[in-house]
Amino acid sequence: QVQLVESGGGLVQPGGSLRLSCAASGTTFSKKGWYRQAPGKERELVAEFTSGGSTNYADSVKGRFTISRDNANNTVNLQMNSLKPEDTAVYYCYAKGYWNGINYWGKGTLVTVSS
């Protein structure tokens, strides 16, 4: 059974930092990353590792967010610095199955940036 379990969300003041983690299990994955969905908006890509191992970032987070991974523990992390109110959203971990190409999703973790 494929499982993606996120942790690390919460309330932070503007300019602060948070670190999200996602533990993936149940199959082999070709891609992993993070999306987010703000109230009233569509889900958007935040950052990801491609199947070739390179990284993609949304323009809005470049220079502030860093994606990393621990292959031994099959986790993918998102370090978020210099947070802004517009970063407020539910953040979803995703991973693409290597064998079947299916995108799997975590349940999401809420990040609120507010003073």
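Structural notes, computed from the coordinates. These numbers were taken from a predicted model, which means no experiment stands behind them. Residue numbers restart at each chain and count upward from 1, following the sequence in its written direction. Per-residue local features of the predicted model are confined to residues with pLDDT of at least 70, and side-chain atom pairs are confined, for both listing and counting, to 80 or more; whole-chain, interface and lining totals are unaffected and use all residues. Here the side-chain values reflect all heavy atoms present in the structure, with hydrogen atoms and water set aside.

Next up on the list: the packing of aromatic side chains. Each Phe, Tyr or Trp ring, with Trp reduced to its six-membered ring, pairs with another whose centre is within 6.5 Å; inter-plane angles below 30 degrees give stacked pairs, above 60 give edge-to-face pairs, and intermediate values give tilted ones. Going through the model one piece at a time under the given rule, you end up with 5 aromatic pairs. Aromatic pair Tyr35 and Tyr94: ring centres 5.4 Å apart, planes at 85°, arrangement edge-to-face. Here the residue Tyr35 occupies a position in strand E4 (residues 29-37), and Tyr94 occupies one in strand E9 (residues 89-97), the gap between them amounting to 59 residues. Residue classification places Tyr35 among the partly exposed residues on the basis of a relative accessible area of 22%. The helix count covers DSSP runs of H or I at least four residues long, the strand count covers runs of E at least two residues long, and both are numbered beginning at the N terminus. Note on classification: 1.4 Å probe, protein chains only; a residue is buried when its accessible area is under 20% of the maximum for its type, exposed when over 50%, partly exposed between these limits.

Let's shift gears to the state of the cysteines. Cysteine sulfur pairs qualify as disulfides if the two atoms are within 2.5 Å. Throughout the structure, instances matching the rule amount to 1 disulfide. There is a disulfide in this structure between Cys22 and Cys93, and the S-S distance comes to 2.0 Å. Given an S-S torsion of about -75°, the disulfide between Cys22 and Cys93 has left-handed geometry. On the criterion of sequence distance, the pair formed by Cys22 in strand E3 (residues 18-25) and Cys93 in strand E9 is long-range, its members being 71 residues apart. As far as burial versus exposure is concerned, Cys22 and Cys93 are alike and both buried.

Position of Pro14 among the secondary structure elements: in the loop between strand E2 (10-12) and E3. Since its relative accessible area comes to 41%, Pro14 is described here as partly exposed. A sequence separation of 58 residues divides Pro14 from Ala72, and the C-alpha atoms of the two residues are 33 Å apart. Once residues lying within four places of it in the same chain are set aside, the contact partners of Pro14 are Leu83, Pro85, Val113, Ser114 and Ser115. When checking whether two residues touch, look at their non-hydrogen atoms; a contact exists if any pair is within 4.5 Å.

On to the nonpolar core, then. With 26 residues, the main nonpolar core has Trp34, Val46, Phe65, Leu78, Met80 and Tyr91 as its most contacted residues. Beyond its immediate chain neighbours, meaning those up to four positions away, Val46 contacts Trp34, Tyr35, Arg36, Asn56, Tyr57, Ala58, Val61, Phe65, Leu78 and Tyr91. The term nonpolar core refers to a set of buried residues drawn from Ala, Val, Leu, Ile, Met, Phe, Trp, Tyr and Cys, joined through side-chain atoms within 4.5 Å.

Glancing now at the sheet that holds E3. The strand order across the open sheet formed by 4 strands is E1-E3-E8-E7, and the pairing between neighbours is antiparallel. Each end of this open sheet is capped by a strand with a single partner; those strands are strand E1 (3-7) and strand E7 (65-70). Mean inter-strand twist for the sheet, computed between neighbouring axes without regard to direction, equals 15°. Strands are treated as partners if at least two bridges between them are detected by DSSP. A fitted line through C-alpha atoms serves as each axis, taken over the contacting stretch for helices, and the angle formed by two N-to-C directions is quoted from 0 to 180°.

Purely geometric stuff here, so don't read any function into it on its own.
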